[in-house]
Structures are given as structure tokens and as C-alpha cells.
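Summary of structural features
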Amino acid sequence: MKRYVLGLETSCDETASAVVSSEFEIISNIVFSQQKIHASFFGVVPELASRTHYEKIHFVLDKALKKFDIKNIDLIAYTEKPGLKGALLIGKTVAKTLGYIYSKPTIGVDHLWGHIFSVILTHKGKIKFPFISLIISGGHTELSLVHSHTKKENLGQTRDDAVGEAFDKVAKMLAEHVPKRYKSLFRYPGGPIIEKLAKFGDSKAIDFPRPYMMESDDFSFSGLKTAVLYYIKNKSLNIKDVYNICASFQEAVVDTLLVKTLRIIDKTKCNRVVISGGVSANKSLRDGFIKIAQNKNIEVYFPHKYLATDNAAMISLAGLNFYYNN
Ligand code: KG4
Ligand code: ZN
């Protein structure tokens, strides 16, 4: 039986709503990005995020339901955790209210499962289990073994900064240290900006440390971030230096993620990898994984680029799965 889910995502700085079917069709996928609001703060300001979700949630909802009657929705899914408390509350309240008014069931979804489902949605449910999941976002860095649609075993996570957070903080550090005329190059989120500037740089120019942490499957990116800070401190940087820092930092991150993932593949003997979260939009990272995958006979899956960062389509599919498959 074909089912339709209405999804709401308000965990961080994207106010989003979507309608997705159980046959992996995206009927609508509306995202209001708050990036401009948080840009100059170099990070998400929780109170501003909550207020903006409150102001924009009905706008994204109306657009998502423009060509789809809410009466034909079977389920309403919303992001339950993790995320900013006040921000999550907006999505949950709206979802519960709609559920009450239209007599529809509601389900709270774990945002990290949502990211995994962004890849399942992209590949229309064809990825086989088990697989290794690498979630690399602004708030999370998580390696796990996914046994089924509803069961995953955590294998490693970050002990300090998440990968996206490290990108964002390095962008902030660069903004503070570059000559005035280059400052406007940088804002939040830093990941896409670093990726853009890295294209003009030499990734071998600076030998930043690779935080492999051989004794553990956890990650730590704060040392790498500090190494960048020491490198740029008290230097008068020209634009070529900036390009090289971006390229070398990005390569250190990609190398680290590759080495840690390959080690997990070796340990678990599972050679299927699903990579998700905002940082999975990064082309160097994708190219790095695709190249290794070809050489080592590994299957690697990414989300569509527009599903890599936060959205409600992934929450819809995750909700549908947990509500009907559990
Ligand atoms: O998944 P996401 O939208 O939100 C969270 O769940 O946290 O991820 C946002 C993060 C930000 O830190 C942003 O800098 C990073 O993803 N990001 C990127 C790229 N696009 C977004 N990092 C590196 N390269 C990119 N192209
Ligand atoms: Zn996310």
C-alpha cells in the first residue's frame, strides 16, 4: 500500500517541510535556510533559530502542501532529537497540532537516522543491509554499523568537534586573521566556503596533522583545528596562503575520514558504506571515497547534494520506516 508522509525538520538552522511517498517519491521538499541570519555570528544562535522556525514554519508547510491535500497524508513525522531544544519544540508542536486537527498519527524521528535515510531515499531503497554509516554534519560525526532499517550499532564518534563544526571554526579563525579586504569571504557555514577556496590552493602546501587516533574508532578534530590556528597566528596572510590553508585543511579532514572508515571496513568485514550529513556534499571528500572504493572493491553511497544538508524529506522517509516497520 502506497503511503504519504508529511515531514517537519526544525532541529538546527533549516526550517523544512516535505511530502514523501513510501515509493521514494519526493512530492515536495521545501527548505528555508537560516544561514543568512546566522552568517555573521559564525555559528547558529539558538534563540534566533527558534524565533525563525516560529516565523517560517507555516510558510514551508504551506509550500510543501501546495499541491498535496493534507487529508491524503497517512503520517506526520517531525525531528524529535538531537538538536536545539527550543527549535525542536516548534516542529513538534506544529506536527502534534496538525495530527490532532486532521486525526493523523505522528512520529518523532531521530535526526541522525534521518541523515541515513537521505541516502536510502536518494538510492530509492536499493542499498542492502548491513552497511557502515558515516554521518558527518555540523553537530555530529558518527560511525556505525547499520544492521537493518531500525537497528544500528555505534562504533565511533567525535570526542570534541564534529567535522562540519571544524570547517565552521576554521572559517571563523581565517576571518579573524586575514587582512581586512578578505574578511568578507568568510561567514557561517564555513564548509562550502572552505571547499570553494580550496580549489585554488595546493593541498600539499601545509602538512597539517591527521588525527587518526589509532587506538580508537573515535574521532578528534580539535587538534587539527588548533594546528590551523597556530599556523595562521601572527602571520600576515596573503590570498595564496588562504587558499593553501583551506586546501591542506580539507585534505587532512578527508584523509582522516578515509583512514578511519577503511579501518572499520577491515574490522567489520562490511564493504558497503553510506555517507551522509552536510559535509557529505563536499566534492573532494566524495572524490576521495569514490577513488578508494574503486580500488578496494567497496560500495559507497552518498545522498543527492540537495539532501546532504538538513531537510524534511529525509525525516519523512525515516518516520515512515519507523512507524510502519517497527
Ligand atoms: O547536516 P547539516 O546540514 O546540519 C547538521 O545536522 O549539523 O550540516 C551542516 C554542516 C555545517 O557545519 C557546514 O559547514 C557543513 O555541514 N557543510 C560542508 C559543506 N556543505 C555543508 N562542509 C564541507 N564541505 C561542504 N561542501
Ligand atoms: Zn543534520
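Anyway, here's the lowdown on the structure attached to this text.

Conventions used here
- Residues numbered from 1 in each chain as written.
- Chains lettered and ligands numbered in written order.
- Predicted model: local features only at pLDDT ≥ 70, side-chain atom pairs only at ≥ 80, totals over all residues.
- Heavy atoms only, no water.
- Pairing = 2+ DSSP bridges.
- Helix = DSSP H or I, 4+ residues; strand = E, 2+ residues; numbered from the N terminus.
- Axes fitted to C-alpha atoms, helices over the stretch in contact; angles between N-to-C directions.
- Contact = heavy atoms within 4.5 Å.
- Donors = N, O, S within 2.8 Å, 3.2 Å for Na, K, Ca; no water.
- Tetrahedral: all angles 85-135°; square planar, octahedral: opposite > 155°, others 65-115°.

On to the sheet that holds strand E10 (residues 299-301). As summarised here, the arrangement of the five strands in space is E8-E7-E6-E9-E10, forming an open sheet in which the pairing is mixed. Of all the strands in the sheet, the pair left with one neighbour each is strand E8 (152-157) and E10. Pairs of neighbouring strands in the sheet enclose a mean axial angle of 20°, with direction left out of account. One ladder, built from three bridges, connects strand E9 (residues 272-276) with E10; its direction is parallel. Within the sheet, the bridge partner assigned to valine 274 lies in E10 and is tyrosine 301. In the packing of helix H9 (residues 283-296) onto the sheet, the strands contacted are strand E6 (131-136), E9 and E10, and the crossing angle to E10 comes to about 160°.

In this section: the coordination of the zinc ion (ligand 2). Coordination sphere of the zinc ion (ligand 2), protein contribution only: His111 (NE2), His115 (NE2) and Asp310 (OD), at 2.0 to 2.1 Å. Relative to the metal, the four donor atoms surrounding the zinc ion (ligand 2) lie at angles of 96 to 133°, and the coordination shape comes out tetrahedral. Donor residues for the zinc ion (ligand 2), ordered by position in the chain, follow H-x3-H-x194-D. Within this pair, whereas histidine 111 is found in helix H4 (residues 111-122), its partner aspartate 310 is found in the loop between helix H10 (305-308) and helix H11 (313-325), the two being separated by 199 residues in sequence.

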